[in-house]
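# Residue-level structural notes
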Amino acid sequence: SVIAPTAVYRADAYDASNVIISVIEFNVNFFDQPLANAVGNQLFCDNNNDGFWDFDLSALEGLVLGGQSAEDFQISFHNTLNDADSNSTGLTSIYTNKVAYQEETIFVRIENRANPTCYDITSFVIDVFDQATATPFAYELCDNVSDGDDTNGFVEFNLSSINNQVLSGQDATKFEVTYHFDQINADSGTNPLTNLYTNTIVNLDQIWVRVENNDNSACYETAFVDLVVNELPVIATSLELIQCDDNSDGFSDFNLTEANVLISSNAAN
């Protein structure tokens, strides 16, 4: 039921004969009790990796209100529960966390503008995480006989061996590196490839690498990795170069580069 904001009440006093001996009238005002709706934890990936972030607290007011009127209720943010209870030391709308990479609890107070004693409190956590970076890389190997054919353009790549190049100086204990067949799986972090992976396209294949923060998987980046299989030279097992002696002295100048195609059938490469 809806109660009128203001109501007039009367209190009567009676004597032993049930006769009214006094009458008192007074007003009673009713105020809506606000509800502090829950706010999800605010976890951000740091764009410069210094551990600090400017949190826009004012952007969260709509979540706290949850359909309640901003004209009727006022919202403030505080560092402690005591500050929120006493409505003291409110935070600015743009708030920077105090300690790098350390979570803080922010308390939210919502109160009736007409009567601040009608209030409610909720809280949420803020934290900042390093943004991962993934460096594109070309992983090159020579064709070999590991699969029984050193001319087919397929080689087994040890993907974990290039983790340091992909991380490019980032701490390997803080970031996880996984490899994926395509961009979709890399973005979703699904179906990682095994460390020993054979290319599926002859000589030049492309896969994707994902680097993510171990403490917050939302802080990730992907990049492509080119898998390059360089062909081996095909050489003659033996070769004899013959040239006629034009002055019968037993000596002649041989142009060895003219024999390249005889030495190797793929000498051009």
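Here the structure is shown first, and the text comes after it.
First, a word on what this report is: a plain description of the structure on this page. (Residues numbered from 1 in each chain as written. Predicted model: local features only at pLDDT ≥ 70, side-chain atom pairs only at ≥ 80, totals over all residues. Heavy atoms only, no water.)

### Some remarks on the sheet that holds strand 9 (residues 137-142)
Read from one edge to the other, the open sheet built from four strands follows the order 9-14-13-11, with strand pairing classed as mixed. Strands at the two margins of the open sheet, each flanked by one partner only, are strand 9 and strand 11 (175-180). Taking each pair of neighbouring strands and ignoring which way they run, the sheet shows an average axis angle of 30 degrees. Bridge count between strand 9 and strand 14 (residues 216-230): six bridges; the pairing is parallel. In the strand pairing of strand 14, Cys142 is matched with Asn230. (Pairing = 2+ DSSP bridges. Helix = DSSP H or I, 4+ residues; strand = E, 2+ residues; numbered from the N terminus. Axes fitted to C-alpha atoms, helices over the stretch in contact; angles between N-to-C directions.)

### Section: the state of the cysteines
Scanning all chains against the criterion turns up one disulfide. The disulfide bridge from Cys45 ends at Cys219, spanning 2.1 Å between sulfur atoms. Taking the torsion about the sulfur-sulfur bond, which here is approximately -95 degrees, the covalent link between Cys45 and Cys219 counts as left-handed. Of this pair, Cys45 sits in strand 3 (residues 42-46) while Cys219 sits in strand 14, placing them 174 residues apart in sequence. According to the relative accessible area criterion, Cys45 is partly exposed, its value standing at 21%. Given the relative accessible area of 0%, Cys219 is considered buried. (Disulfide = S-S within 2.5 Å. Buried < 20%, exposed > 50% of the residue type's maximum accessible area, 1.4 Å probe, protein only.)

### Re a nonpolar patch on the surface
Residues Ile235, Leu239, Leu241, Phe254, Leu256, Val261, Leu262 and Ile263 make up a contiguous nonpolar surface patch of roughly 760 Å² in combined accessible area. Positionally, Phe254 belongs in the loop between strand 14 and helix 5 (260-263). Residue classification places Phe254 among the partly exposed positions, given a relative accessible area of 40%. (Patch = residues over 30% accessible without salt bridge, like charges linked within 9 Å, V, L, I, M, F, W, Y side chains within 5 Å. Areas by Shrake-Rupley, 256 points an atom, 1.4 Å probe, with all protein chains shown as cover. Salt bridge = Lys/Arg side-chain N within 4 Å of Asp/Glu carboxyl O.)

### Thoughts on the pattern of salt bridges
Opposite charge on two side chains makes pairing possible when the charged atoms of those side chains draw close. For the coordinates displayed, the defined rule picks out two salt bridges. The closest approach of N and O atoms between Arg210 and Glu212, which form a salt bridge, is 2.8 Å. As far as the burial class goes, Arg210 and Glu212 line up, both buried.

### Considering the environment of Glu231
In this fold, Glu231 is placed in the loop between strand 14 and helix 5. Exposure remark for Glu231: the relative accessible area of 43% places this residue in the partly exposed category. Between the C-alpha atoms of Glu231 and Thr151, which are 80 residues apart in sequence, the distance is 6.6 Å. Beyond its immediate sequence surroundings of up to four residues, Glu231 is in contact with Asp143, Asn266 and Asn269. Here the side chain of Glu231 touches Asn266 through a polar contact of 3.3 Å, side chain to side chain. A polar contact of 2.4 Å, which involves the side chain of Glu231, links it to the side chain of Asn269. (Contact = heavy atoms within 4.5 Å. Polar contact = N/O pair within 3.5 Å; in protein donor to acceptor, adjacent residues only side chain to side chain.)

### Brief notes about the environment of Ser217
Following the sequence through the fold, Ser217 ends up in strand 14. Residue Ser217 is classed as partly exposed on the basis of its relative accessible area of 42%. Taking the C-alpha atoms as reference points, Ser217 and Gly189, separated by 28 residues in sequence, lie 8.9 Å from one another. Setting aside residues no more than four positions away along its own chain, Ser217 makes contact with Arg210 and Glu212.

### Some details on the sheet that holds strand 5 (residues 73-78)
The mixed open sheet is built from four strands, whose spatial order is 3-8-7-5. The open sheet terminates on both sides in strands that have one partner only, identified here as strand 3 and strand 5. Across the sheet, the mean angle separating the axes of adjacent strands is 25 degrees when strand polarity is ignored. Inspection of the sheet shows strand 3 paired to strand 8 (residues 115-130) by five bridges, in the parallel sense. In the strand pairing of strand 8, Asp46 is matched with Asp130.

### Some thoughts on the nonpolar core
If you look at the biggest cluster of nonpolar residues, it comprises 21 residues, and the most contacted ones within it are Leu159, Tyr179, Ile207, Val209, Val211, Val225 and Leu227. Those elements that provide at least two residues to this core are helix 3 (163-167), strand 11, strand 13 (204-213) and strand 14. Tallying contributions element by element places strand 14 first for this core, with four residues. With near-sequence residues (within four places) excluded, Leu159 lies in contact with Tyr139, Tyr179, Leu193, Thr194, Asn195, Tyr197, Ile207 and Leu227. Of all hydrophobic cores here, the second largest spans 18 residues; its members include Leu57, Leu65, Leu91 and Val128. (Core = buried A, V, L, I, M, F, W, Y, C linked by side-chain atoms within 4.5 Å.)

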